[in-house]
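These are the residues of each chain, in order.
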Amino acid sequence: MSTHEPDVTLGDVSHSTFAIGSHARAESHHGVPPRDTASEELLAAVRQLRSDLTRMRGTDQTAELDAELAETEEEITRTGEAGPTRLQRLRQLLTDSEALVSLVASAGTVAGLLGL
């Protein structure tokens, strides 16, 4: 009589917590990664711009910008910084939203921090 064990495949498990076995116990002690001054300033500016966007008439453009800002905020909070691809996408959206940037001071702050 043979016992068939299921096949198990694990992909990338970095920054993960898991336990295997009937009595296994997993604990996670991941802290919030430190942020440098530039990331702190960008995070504050992103949050301010998101707040300002709620007071504007919503359009597809503002919705797209808000979604990208939310993802940027989440990434900085989770990893301590925004990656180059995220920053480039945000730069492009702000460039495309030039009229919005001129109306909202916080958009100008974010644009300035992104080097626009």
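Reading guide: rules and limits
Residues numbered from 1 in each chain as written. Predicted model: local features only at pLDDT ≥ 70, side-chain atom pairs only at ≥ 80, totals over all residues. Heavy atoms only, no water. Helix = DSSP H or I, 4+ residues; strand = E, 2+ residues; numbered from the N terminus. Buried < 20%, exposed > 50% of the residue type's maximum accessible area, 1.4 Å probe, protein only. Contact = heavy atoms within 4.5 Å. Areas by Shrake-Rupley, 256 points an atom, 1.4 Å probe, with all protein chains shown as cover. Core = buried A, V, L, I, M, F, W, Y, C linked by side-chain atoms within 4.5 Å. Axes fitted to C-alpha atoms, helices over the stretch in contact; angles between N-to-C directions. Left-handed = near helix turned anticlockwise from the far one by under 90°. Nonpolar A, V, L, I, M, F, W, Y, C, P; charged D, E, K, R; others polar. Salt bridge = Lys/Arg side-chain N within 4 Å of Asp/Glu carboxyl O. Polar contact = N/O pair within 3.5 Å; in protein donor to acceptor, adjacent residues only side chain to side chain.

## Some points on the overall build of the chain
Check the secondary structure of the chain and you find five helices and zero strands. Along the chain, from the amino end to the carboxyl end, the secondary structure elements read α-α-α-α-α. Of all 116 residues assigned to the chain, the portion counted as buried reaches 28%. Taking all contacts inside the chain whose residues are at least 6 apart in sequence as the whole, residues at least 24 apart take part in 52%. When the accessible surface of the chain is summed, it comes to about 8,200 Å², and 51% of that surface belongs to carbon and sulfur atoms.

## Brief notes about the nonpolar core
By size, the foremost hydrophobic cluster in this structure holds 20 residues, and its most contacted members are Leu-49, Leu-65, Leu-90, Leu-94 and Val-110. Looking at this core, the elements with two or more residues in it are helix H1 (37-53), helix H2 (60-79), helix H3 (84-96) and helix H5 (105-113). It is H1 that provides the largest number of residues to this core, a total of six residues.

## Here's the deal with the packing of H1 against H2
Where H1 contacts H2, the axes come no closer than 10 Å and their chain directions differ by 150°. Judged by the twist between their axes, the crossing of H1 over H2 is left-handed. In this structure, H1 uses Ser-39, Leu-42, Leu-43, Val-46, Arg-47, Leu-49, Arg-50 and Leu-53 to contact H2, whose residues at the interface are Thr-62, Leu-65, Asp-66, Leu-69, Ala-70, Thr-72, Glu-73, Ile-76 and Thr-77. Across the contact of H1 with H2, the residue classes break down as nine nonpolar, four polar and four charged.

## A look at the pattern of salt bridges
Overall, the coordinates contain 11 salt bridges when judged by the stated rule. Arg-35 is the partner of Glu-40 in a salt bridge, and the nearest nitrogen-oxygen pair spans 2.9 Å. Across the pair Glu-71 and Arg-86 runs a salt bridge, and its minimum N-O distance is 2.9 Å. In this pair, Glu-71 is assigned in helix H2 and Arg-86 in helix H3, connecting sequence segments 15 residues apart. In the salt-bridge network here, residues are joined through shared partners; they are Glu-64, Glu-68, Glu-71, Glu-75, Arg-86 and Arg-89.

## A short note on the side chain of Ser-106
One can find Ser-106 in helix H5. With relative accessibility at 6%, the residue Ser-106 sits in the buried group. Those residues in contact with Ser-106 that lie beyond four places of it in its chain are Gln-48, Leu-49 and Asp-52.

## As for the side chain of Ser-39
Mapped onto the elements of the fold, Ser-39 is located in helix H1. Here the side chain of Ser-39 touches Gly-80 through a polar contact of 3.3 Å, landing on its backbone oxygen. Those residues in contact with Ser-39, other than ones at most four positions away along the chain, are Ile-76, Gly-80 and Glu-81.

## Some details on the environment of Gln-88
In this structure, Gln-88 sits in helix H3. With 26 residues separating them along the chain, Gln-88 and Leu-114 place their C-alpha atoms 8.6 Å apart.

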